[in-house]
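What follows is the residue order along each chain.
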Amino acid sequence: MEKITLSFIIEEIMKAFVSFGLAFETVVTYQKSLSKMQYYFKQVGSEYYSEVLLDDYWYYVNHNGKAYSPRYLRLHKRSIALVKEYVSIGKLTWHRFCQEQGRSVFSYFQLTIDESVVKLGIPKGTLKFYISTVRQFCCKLEENGIFEFSQMNLDVVFKIITSFGFTNPHSMGKVVCNLKKFFGYLNERNLSDLQIEPALFRIIKKVKKIPAFTLHEVQSLLSECNRNLLIGKRNYAIILLAVTSGLRGGDIAALKLTDINWHKYEITIVQNKTKKVIVLPLLAETGNAIADYILNARPKSTVCENIFLTINAPIRPLRILALDSMLPRLCQKANVNKAEWQNFHSLRRSTGTWMANTGTPVTTIAQVLGHSDFQSANRYISADPNMVLCSLN
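Residues numbered from 1 in each chain as written. Predicted model: local features only at pLDDT ≥ 70, side-chain atom pairs only at ≥ 80, totals over all residues. Heavy atoms only, no water.

1. Some details on the confidence of the model for the protein
It should be kept in mind that the predicted coordinates are not to be read in detail where pLDDT is low.
Part 1 of the argument: Put simply, the protein has an average pLDDT of 81, and 84% of its residues get 70 or more.
Part 2 of the argument: Low confidence marks residues 96-102, where pLDDT is under 50. Its contacts with residues over four positions away, or in another chain, come to 13 contacts.
Part 3 of the argument: Overall, residues 381-393 carries pLDDT values under 50, and its contacts beyond four positions in sequence, including any with other chains, amount to 31 contacts. (pLDDT = per-residue confidence, 0-100. Contact = heavy atoms within 4.5 Å.)

2. Side note on the packing of aromatic side chains
Part 1 of the argument: All chains considered together, the criterion is met by twelve aromatic pairs.
Part 2 of the argument: Ring geometry for Y68 versus Y72: centroids 4.3 Å apart, planes at 20°, classification stacked.
Part 3 of the argument: Y68 sits in the partly exposed class, given a relative accessible area of 25%.
Part 4 of the argument: Aromatic side chains W262 and Y265 sit 5.8 Å apart centroid to centroid with 75° between the ring planes, which places their arrangement in the edge-to-face category. (Phe/Tyr/Trp six-rings, centres within 6.5 Å; stacked < 30°, edge-to-face > 60°. Buried < 20%, exposed > 50% of the residue type's maximum accessible area, 1.4 Å probe, protein only.)

3. Brief notes about the packing of helix α1 (residues 6-20) against helix α4 (residues 70-89)
Axis angle and axis distance: for two packed helices, these are the angle between their axes and the distance between the axes, and together they describe the pair.
Part 1 of the argument: α4 packs onto α1 with a crossing angle of 100° between their chain directions and a minimal axis gap of 10 Å. In terms of orientation, α1 and α4 fall into the roughly perpendicular class. Facing L6, F8, I9, E12, I13 and F17 of α1, the residues of α4 in contact are L82, V83, Y86 and V87. (Axes fitted to C-alpha atoms, helices over the stretch in contact; angles between N-to-C directions. Helix = DSSP H or I, 4+ residues; strand = E, 2+ residues; numbered from the N terminus. Parallel < 35°, antiparallel > 145°, perpendicular 65-115°, else oblique.)

4. Quick look at the nonpolar core
Part 1 of the argument: I13, F17, M37, V83, F137, L141 and M152 are the most contacted members of the largest nonpolar core, which has 60 residues in total.
Part 2 of the argument: Of all elements in the fold, only α1, α2 (24-43), α3 (51-63), α4, α6 (107-120), α7 (124-143), α8 (154-167) and α9 (172-188) reach the threshold of two or more residues within this core.
Part 3 of the argument: Not counting residues up to four positions away in its chain, the partners in contact with M37 are L6, L54, Y57, S79, I80 and V83.
Part 4 of the argument: Counting 44 residues, the second largest nonpolar core, distinct from the first, contains A253, L255, I278 and L282. (Core = buried A, V, L, I, M, F, W, Y, C linked by side-chain atoms within 4.5 Å.)

5. Some remarks on the pattern of salt bridges
Part 1 of the argument: In the structure shown here, the tally under the stated rule is seven salt bridges.
Part 2 of the argument: Measuring nitrogen to oxygen at the nearest pair gives 3.5 Å for the salt bridge that ties K15 to E12. Linking K15 with E12, this pair stays in helix α1, spanning three residues, or about one helical turn.
Part 3 of the argument: Its relative accessible area of 47% is what places K15 among the partly exposed residues.
Part 4 of the argument: The exposure class of E12 is partly exposed, given its relative accessible area of 21%.
Part 5 of the argument: Ionic pairing is found between E142 and K77, a salt bridge with its closest N-O pair at 3.2 Å. Of the two residues, E142 sits in helix α7 while K77 sits in helix α4, which places them 65 residues apart along the sequence. (Salt bridge = Lys/Arg side-chain N within 4 Å of Asp/Glu carboxyl O.)

The structure is reproduced here in structure tokens:
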């Protein structure tokens, strides 16, 4: 590959950021991060891009004796990913940046992952989940200051695998299976002598159920959405829709303008999880909140059909991660004591819980929530008897 200076790459990245329409503060933040990277390269006597030096820089950031915040480390990790992306494809695309940010790993780890895919012959149908699982595992190793597989110990591995239970509660079987394959490969290559396979079978696959919010807590969250602001109108509509429809966060993020029948006040969607069509009533209060957002706060985009969009440029559909990050901030403002395992999905659980407490048949709850079988709704039966409101009126 032809040598290319790091200063040229950084200049091109800055141009791309401007073309994306990013906020001035965001551009400046990344410029500072990339400048520190460039300074490191000069300190070691190089002005040209080198993946080895880039990995050395990431190692230096993590081991220079300074205590950096997780946010600071994520910023530098994203900056490294940006540089690698530009060198790889010769440009930056906002979509790719969003999907990949924070997920790139140390090149030693990535090379090992790639080699394991070939050596193990991972089937095409499970390849994506395998790579995602192992990459997440390696990212968590880096977060724990481990940059070689030989440095792993049982305590760190158990901690990481247990954390998967909160992000992958319904697919821990697949997670364990993929990590077993990967550790088998590491042992075969003598990259690690850690015999982890027996321990993996003892990992608890079923994590604590996500608790619902109380009616009072939801009302507090809604009251903290300042409807005089654009973002407040959007967040108010999203939370109200979540608790009065029981829709999953992914379905709310993917909701299109054409999915709402304003004459019948109905929502018709194909659920992302079950791929089944579901028709739900749209309550007047919820419909008014959505209409207020669309007419007075939604960016005037003629390209995007999604209802809920980002407030700041570049304008794009809201992602499920944005919904999850919205909740902790609102809980803090509303003085709602949010449990560690509570997330946006807790609003959907609240809908089912409230319905169960008013004596709504489990078959009806399953239909409203779009469960593929009635047994899935049984988790809502043992709810707090003090929550006595049916969110569907």
